[in-house]
Number of protein chains: 2
Amino acid sequence: MEHRTVSLAEQVFERLENEILSGKFPRGTVLTEMNLVTELGVSRTPIREAIHRLEQEHVIETTTKGILILGVTKKDLRDIFEIRLRIEGLASAEAAKRITDEELAELRESLELQEFYVPKNDPEHVRGMDSLFHRLIYRFSGNTALCDALLPLHKKVMKYRLASVSNHSRASSSAKEHRMIYEAIAAHDPAAAEARTVEHIKNAMEHILKETNE
Amino acid sequence: MEHRTVSLAEQVFERLENEILSGKFPRGTVLTEMNLVTELGVSRTPIREAIHRLEQEHVIETTTKGILILGVTKKDLRDIFEIRLRIEGLASAEAAKRITDEELAELRESLELQEFYVPKNDPEHVRGMDSLFHRLIYRFSGNTALCDALLPLHKKVMKYRLASVSNHSRASSSAKEHRMIYEAIAAHDPAAAEARTVEHIKNAMEHILKETNE
DNA sequence: CTTTTCAGAATTGTATACAATTATACCAGA
DNA sequence: TCTGGTATAATTGTATACAATTCTGAAAAG
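Residues numbered from 1 in each chain as written. Chains lettered and ligands numbered in written order. Predicted model: local features only at pLDDT ≥ 70, side-chain atom pairs only at ≥ 80, totals over all residues. Heavy atoms only, no water.

Quick notes on the overall build of chain A
Assigned secondary structure in chain A consists of 10 helices and 3 strands. The N-to-C order of helical and strand elements in chain A reads α-β-α-α-β-β-α-α-α-α-α-α-α. Taking 17 Å as the expected radius of gyration for a compact globule of 214 residues, we find that chain A reaches 18 Å, a close match to that expectation. Across its three principal axes, chain A shows a C-alpha extent of roughly 55 × 45 × 35 Å. A burial count over chain A gives 50% of its 214 residues as buried. Once local pairs closer than 6 in sequence are excluded, the contacts in chain A between residues at least 24 apart make up 76%. Surface accessibility of chain A: about 10,100 Å² in total, with carbon and sulfur atoms responsible for 51%. (Helix = DSSP H or I, 4+ residues; strand = E, 2+ residues; numbered from the N terminus. Rg over C-alpha atoms; globule rule 2.2 N^0.38 Å. Buried < 20%, exposed > 50% of the residue type's maximum accessible area, 1.4 Å probe, protein only. Contact = heavy atoms within 4.5 Å. Areas by Shrake-Rupley, 256 points an atom, 1.4 Å probe, with all protein chains shown as cover.)

Quick look at the relation of the copies chain A and chain B
Placing chain A over chain B gives an RMSD of 0.0 Å and needs a rotation angle of 180°, together with 0.0 Å of translation along the axis. Put plainly, the chains are arranged around a two-fold axis. In terms of proximity to the rotation axis, the leading residue of chain A is A:A149, whose C-alpha is 2.7 Å off the axis. The overlap is high: 100% of the interface residues of chain A also sit at the interface in chain B, so the same surface is used on both sides. (Least-squares fit on C-alpha atoms with pLDDT ≥ 70 in both.)

Section: the sheet that holds strand β2 (residues 60-63) of chain A
Backbone-to-backbone hydrogen bonds join strands into a sheet, with any given pair of strands oriented parallel or antiparallel. Residues and elements named next belong to chain A. Across the sheet, 3 strands lie side by side as β1-β3-β2; this open sheet has antiparallel pairing. Since the sheet does not close on itself, it has two edges, and those belong to β1 (30-31) and β2, each with one partner. Judged from the 4 bridges that link them, β2 and strand β3 (residues 66-69) form a sheet pairing that is antiparallel. Looking at β3, one finds that E61 is bridged to L68. (Pairing = 2+ DSSP bridges.)

Examining the sheet that holds strand β1 (residues 30-31) of chain B
All names here are of chain B. Strand order in the open sheet formed by 3 strands is β1-β3-β2, and the pairing between neighbours is antiparallel. The open sheet is flanked by β1 and β2 (60-63), the only strands paired with a single partner. Most of the contacts of helix α3 (residues 44-56) go to β2, to which it runs at about 120°, and overall it touches β2 and β3 (66-69). (Axes fitted to C-alpha atoms, helices over the stretch in contact; angles between N-to-C directions.)

A look at helix α8 (residues 158-165) of chain A
Looking at α8(A), one finds that the buried residues are A:M158, A:Y160, A:R161, A:S164 and A:V165. End-on, the buried residues of α8(A) take up no more than an arc of 160°, which puts them together on one face. (Arc of directions from axis to C-beta.)

As for the packing of helix α4 (residues 74-98) of chain B against helix α10 (residues 190-211) of chain B
Helix packing for two helices is described by the angle between their axes and how far apart those axes are. All names here are of chain B. In contact at an axis separation of 7 Å, α4 and α10 are set at 160° when each is read in the N-to-C sense. With respect to α10, the element α4 is oriented roughly antiparallel. Here α4 runs over α10; the crossing is right-handed. Class assignment for the residues of the contact of α4 with α10 results in 14 nonpolar, 3 polar and 7 charged. (Parallel < 35°, antiparallel > 145°, perpendicular 65-115°, else oblique. Left-handed = near helix turned anticlockwise from the far one by under 90°. Nonpolar A, V, L, I, M, F, W, Y, C, P; charged D, E, K, R; others polar.)

Observations concerning helix α7 (residues 144-156) of chain A
Within an α-helix, residues lying three or four positions from one another point in the same direction, as the helix has 3.6 residues per turn. Under the 1.5 Å per step criterion, the end-to-end length of α7(A) is 19 Å for 13 residues, consistent within 8% with the ideal 18 Å. Residues of α7(A) that are buried include every one of A:A145, A:L146, A:C147, A:A149, A:L150, A:L153, A:H154, A:K155 and A:K156, and no others. Buried positions along α7(A) lie against α1 (8-21), α4 (74-98), α6 (123-140) and α8 of chain A together with α4 and α7 (144-156) of chain B. With a side-chain oxygen positioned 3.2 Å from the backbone nitrogen of A:A145, the residue opening α7(A) is A:N143. (Expected span 1.5 Å × (residues − 1). Polar contact = N/O pair within 3.5 Å; in protein donor to acceptor, adjacent residues only side chain to side chain.)

Thoughts on the environment of B:R15
All names here are of chain B. Note that R15 resides in helix α1 (residues 8-21). Here the alpha-carbon distance between R15 and A50, two residues 35 residues apart in the chain, equals 9.4 Å. Residue contacts for R15: discarding those within four places in its chain leaves E39 and L40.

Comments concerning the nonpolar core
Core analysis: the biggest nonpolar cluster contains 115 residues, and A:L107, A:I185, B:L107 and B:I185 have the highest contact counts within it. Ignoring sequence-local partners within four residues, the contact set of B:I185 consists of B:S92, B:A95, B:A96, B:I99, B:L104, B:L107, B:I137 and B:A193. (Core = buried A, V, L, I, M, F, W, Y, C linked by side-chain atoms within 4.5 Å.)

So, the packing of aromatic side chains
Following the criterion strictly, the structure yields 2 aromatic pairs over all chains and no others. Residues A:F116 and A:Y117 carry aromatic rings whose centres are separated by 5.2 Å and whose planes lie at 75° to one another, so their mutual orientation is edge-to-face. Under the relative-accessibility criterion, A:F116 is labelled partly exposed at 42%. We note A:K120 situated over the ring of A:F116; from NZ or CZ to the ring centre the distance is 4.4 Å. In this structure, B:R53 is placed above the aromatic ring of B:F13, and the distance from its NZ or CZ to the ring centre is 3.8 Å. (Phe/Tyr/Trp six-rings, centres within 6.5 Å; stacked < 30°, edge-to-face > 60°. Lys NZ or Arg CZ within 6 Å of the ring centre and 35° of its normal.)

Topic: the interface of chain A and chain B
One widely used convention gives an interface's size as the accessible area the parts lose upon coming together. Counting residues at the interface gives 25 residues for chain A, matched by 25 residues for chain B. For the chain A and chain B pair, buried surface summed over both sides reaches about 2,300 Å², with 51% attributable to carbon and sulfur atoms. By the criterion of area lost to chain B, the three top residues of chain A are A:Q56, A:I83 and A:R86, representing 27% of everything that side buries. Our count for the chain A to chain B interface comes out at 2 salt bridges. (Buried area = accessible area lost by both parts, 1.4 Å probe. Salt bridge = Lys/Arg side-chain N within 4 Å of Asp/Glu carboxyl O.)

Description of the pattern of salt bridges
Within the structure shown, the criterion is met by 34 salt bridges over all chains. B:K24 is the partner of B:E19 in a salt bridge, and the nearest nitrogen-oxygen pair spans 3.4 Å. For B:E19, a relative accessible area of 14% puts it in the buried group. Through salt bridges that share partners, A:R15, A:E19 and A:K24 make up one connected network.

Here it is in structure tokens:
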């Protein structure tokens, strides 16, 4: 068997997670391991590993009839923002304290790419850079537990965030808010970084919850 | 093969998680799947499943040489409390809003058992009931994402919490603080439940960080 | 004595065969 | 027609065999 730097199990996990959180399978859909074996062309072993990881994230449930797709409901969304409002500012504040110049450059690059894509009306890429910006801050906070808590929450908003940044006016405001956060972090100002992040999450929440009908 | 209501994989996961978070394997220890096969007497399959779940929680890391034990450092502990301070009050507030009489009875029972064990100087049982109390509140918050975020954080403090409640004076204060929280939830008073919970976490943090030398 | 190379030993990743339970559908009887 | 039971199919849980890489140590060359 050839060498793969990333295992089949990891690939299957990322693909399934992405498909489920993008809304490809409606809530209530039931898949089976054999479905996935034939569809993905790998054996049950890596599929089972991916399934178990998704189950731990409460994105699916395994039943006697197969794999039940849970996805993310609007209630989940409200619950998630309630939490992010309380801890995402902490990540920015910590990042502002400890970020290095190299990390800052990486953060700036993701921001500039986002600003590049906004006027192009390219929601997919805007969302990609938007996500990257947040994830980099999680990582640069230097708080592993915070990263572990925020990352799943952030991923679960993916589908709704695409709809949000498809609105050009919101995409534009979001990029501006990111720049404000970036400036505070670059200035190593934890209080400003935190306040601006909380404000940003609040705006994102209002926009997403308003636009979401489900 | 006989029927088991709980799978081998689940049993292995709970056992390994408990052993690692109790400090049985010092940070840096390297295990292998075959070690665990011979020690636990099951095949690699359920062991691998448990390993992957532990890896997702960042309690271990898999390397080319085997399974590297990470455990929970004092830095992790500070990071964890920083987060709990910000969201554990939310769980209590939500629970105060929506808890049912049956759930309230369950919560009261765990509290009364804790109060029963404190004067007996039985740290293991005190910790068990202490943990149960917190977990019940997470569940009764009705916020799945919050539950998913808090449960791993709470589990990771396990080892340090045992040392803490082994101090009789702290065990006694902790039980009193729990009762205050319980009364606020029973009175369906979210603001009081939240404030008392934050105070409780703050006290627990101070005590645990002071007692911990690592 | 040191360094490099190569063989084998150890380890994880993957596939598959088997076990056991559970769901389903069909048939018989009331 | 409805109800109950039984056999078969479908599903997940577990064990094991195999593949591929990586580590280790010893031997040979300098």
